[in-house]
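# Close look at the chain arrangement
As a plain string of letters, each chain reads:
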Amino acid sequence: PTLSLPLSNLVRNKDSLKTLITHFKYLHTKSATCLVDNRSWMFGSRERKNGQVSQREIPVGQVTAANMCTNSSSDDKISWLWSVYNETKKQTQDLIPVISNNFVNPDTIFANNETSLQDIEIYGFDYDYTLAFYSSHLHTLIFNIARDILIQEHRYPEGLRKYEYIPNFVIRGLHYDVQKALLMKIDAFHYIQLGTVYRGLNPVPDKEVSAMYEGSHVPLEIMSDFYGKSSHGQTMKQFMDIFSLPEMTLLSCVNDYFMKHNIDYEPVHLYKDVKEAIGDVHVRGIMYRAVEADIEKYICYGEQTHAVLRKLSRNGKKMFLITNSPFDFVDRGMNYIVGKDWRDLFDVVIVQADKPGFFNDRRKPFRRVTDKGVLLWDRIHHLEKGQIYKQGNLYEFLRLTGWRGSKVLYFGDHIYSDLADLTLKHGWRTGAIIPELRKEIKIMNAEEYVHTMTWLQALTGLLEQMQVHRDSESQTVIQQWIDEREDMRLRTKDIFNAQFGSLFRTYHNPTYFSRRLSRFADIYMASLSCLLNYDLQHTFYPRRTPLQHESPIWPEQTSAGAMNIPFQSHRINTGSE
């Protein structure tokens, strides 16, 4: 809901509000029941009597018995339906220029839960895809190495070498049915988005999907577990990590090869072998060595991580780093991004933390690591600035630092491994880094998307109201509208990704990814650099998104941060900035 078209932005000035209300009444009125001779509607308007709002009809144009739609013949009714359609489309087209002038700023920080930076004393960070952003070359590297491991060590066919990494084939947040070898997108209500189910590199027909799952609903007992994993009898795995993009692509390519060559295989074994091969790329340090050897190729410096850390330091904020990556890899990257003095900015640095186990397992103690990677055996009584620590657990971290509750804000890209336990069990504030936001917002701001979505919404409202006409002639017309609506829904999906659509929506519903994002992240943004657009006293307010039974227009929904207003116009300059 927080990513819907920003119609609320239209209420920021009197003229826009007047235009919006005029069109809104037309598109959503329940009392418009017939056509008048100048093709205008009878609008239901509100009249206040004795302090109460009552409904009354205001005739627009002259209404006569001869042109009342309720008495029309079949041909007249069909003509009437199409005239309503055409008038609705015209009114929608008039609305589009107003909407187009209110695009969303991709550098906005979006709030799921009210969060004030004034209350935050301690800032924590993951490393990969939070402090360090990687180029697409890294996904190609991971794919190629894992593919070669399958061939050389798991005895997979040599023909797999012909497969290369396919950028933009998959998106984050997809589910994989381990037993059926199907990759798919599921919405917040556990329904499969038909048209997004793939076996290998090819879509599975909707009828086949419905037959396999006895519909499109995925029961809770076979969904992935809390961390998105396939365990304890669950057959679904959810891919939430950005690093999982090459893993999904490799699974799809191997499945494609086996099917094309009519090779009988066990999907469970394939899934486990690919998972192990991808894991080896990390565990064996192959990826780390490759990135360190050509750091300029793989790390994107342009995300202004350095500026964010310096800003927080100048304002007296404490900072810590908790990452699953090894120290040498982090040190090399941070030297490149921040400089050799990067450790001076952090009060605590923890590497190879083994998240999400770090947040739940009380047994693992901290262990100090020297600059050369030597593990020391002494007991840890304090977490000292400038030192490097390995493993440990959050309970010991809380005991040694005293950093508890909502004064701590932790940023990470993995909604489960980085954020879920912190917000559910420990009350920390959480910030999700979602790099895909920039691309999706750019698409939503485009004229093609605005035009399509505005008409799609209007046509849906028209279908909702006109479905009461059950005669065969009317239903024939309405079916044409339904077909047009379905075509537009497919086109809007393809605008984002031809195979799986938007990361955040399955047509009109939020995705399963969106549902988890809204639950586990207080705020979310495209990158840490978005923090540079706000002072450290700023409060992020979530939009009051109307519930289904509430009025669709709330003046307080207007979000200055998300509108087309330069940030400089509403930033507060402080001496410490």
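Rules used in this analysis
- Residues numbered from 1 in each chain as written.
- Predicted model: local features only at pLDDT ≥ 70, side-chain atom pairs only at ≥ 80, totals over all residues.
- Heavy atoms only, no water.
- Helix = DSSP H or I, 4+ residues; strand = E, 2+ residues; numbered from the N terminus.
- Expected span 1.5 Å × (residues − 1).
- Buried < 20%, exposed > 50% of the residue type's maximum accessible area, 1.4 Å probe, protein only.
- Contact = heavy atoms within 4.5 Å.
- Core = buried A, V, L, I, M, F, W, Y, C linked by side-chain atoms within 4.5 Å.
- Salt bridge = Lys/Arg side-chain N within 4 Å of Asp/Glu carboxyl O.
- Pairing = 2+ DSSP bridges.
- Right-handed = clockwise from strand over helix to strand, strands pointing away.

Identification of the chain as 5'apos-nucleotidase domain-containing protein 3 from Triplophysa rosa is taken from an unreviewed UniProt entry.

## Remarks on helix 15 (residues 472-496)
Taking 1.5 Å per residue as the helical rise, helix 15 with its 25 residues ought to reach 36 Å, and the 37 Å between its terminal C-alpha atoms agrees with that figure. Those residues of helix 15 that sit buried are Ser 474, Val 477, Ile 478, Trp 481, Met 488, Arg 489, Thr 492, Lys 493 and Phe 496. Elements in contact with the buried residues of helix 15: helix 2 (74-100), helix 13 (436-445) and helix 14 (447-466).

## A word on the nonpolar core
With 88 residues, the main nonpolar core has Tyr 123, Phe 125, Tyr 127, Leu 138, Met 287, Phe 346 and Phe 411 as its most contacted residues. In terms of residue count, helix 3 (residues 137-153) provides more of this core than any other element does, 9 residues in total. Beyond its immediate sequence surroundings of up to four residues, Phe 346 is in contact with Phe 125, Leu 131, Leu 309, Met 319, Phe 320, Leu 321, Met 334, Lys 385 and Gly 386.

## Details of the pattern of salt bridges
Taken as a whole and assessed by the stated rule, the structure comprises 26 salt bridges. Close ionic contact of Lys 180 with Asp 177 constitutes a salt bridge, the shortest N to O distance being 3.9 Å. With relative accessibility at 1%, the residue Asp 177 sits in the buried group. The residue Arg 399 makes a salt bridge to Glu 396 at a minimum N-O spacing of 2.6 Å. Here the residue Arg 399 and the residue Glu 396 both occupy positions in helix 11 (residues 394-401), the gap between them amounting to 3 residues, near one helical turn. A relative accessible area of 23% places Glu 396 in the partly exposed class. Here the salt bridges share partners, and the residues they tie into one network are Arg 147, Asp 148, Glu 158 and Arg 161.

## Quick look at the pairing of strand 18 (residues 429-433)
Counting buried residues in strand 18 gives 5 out of 5 residues, a clear majority hidden from the surface. Alternating positions in strand 18 separate into two faces, Arg 429, Gly 431 and Ile 433 on one and Thr 430 and Ala 432 on the other, with burial throughout. One ladder, built from 4 bridges, connects strand 17 (residues 408-412) with strand 18; its direction is parallel. In the strand pairing of strand 18, Phe 411 is matched with Gly 431. Regarding the hand of the β-α-β motif, the stretch spanning strand 17, helix 12 (residues 415-426) and strand 18 is right-handed. Where strand 18 meets strand 21 (residues 523-525), 3 bridges bridge the pair, whose relative direction is parallel. Within strand 21, the position partnered with Ala 432 by the bridge is Tyr 524.

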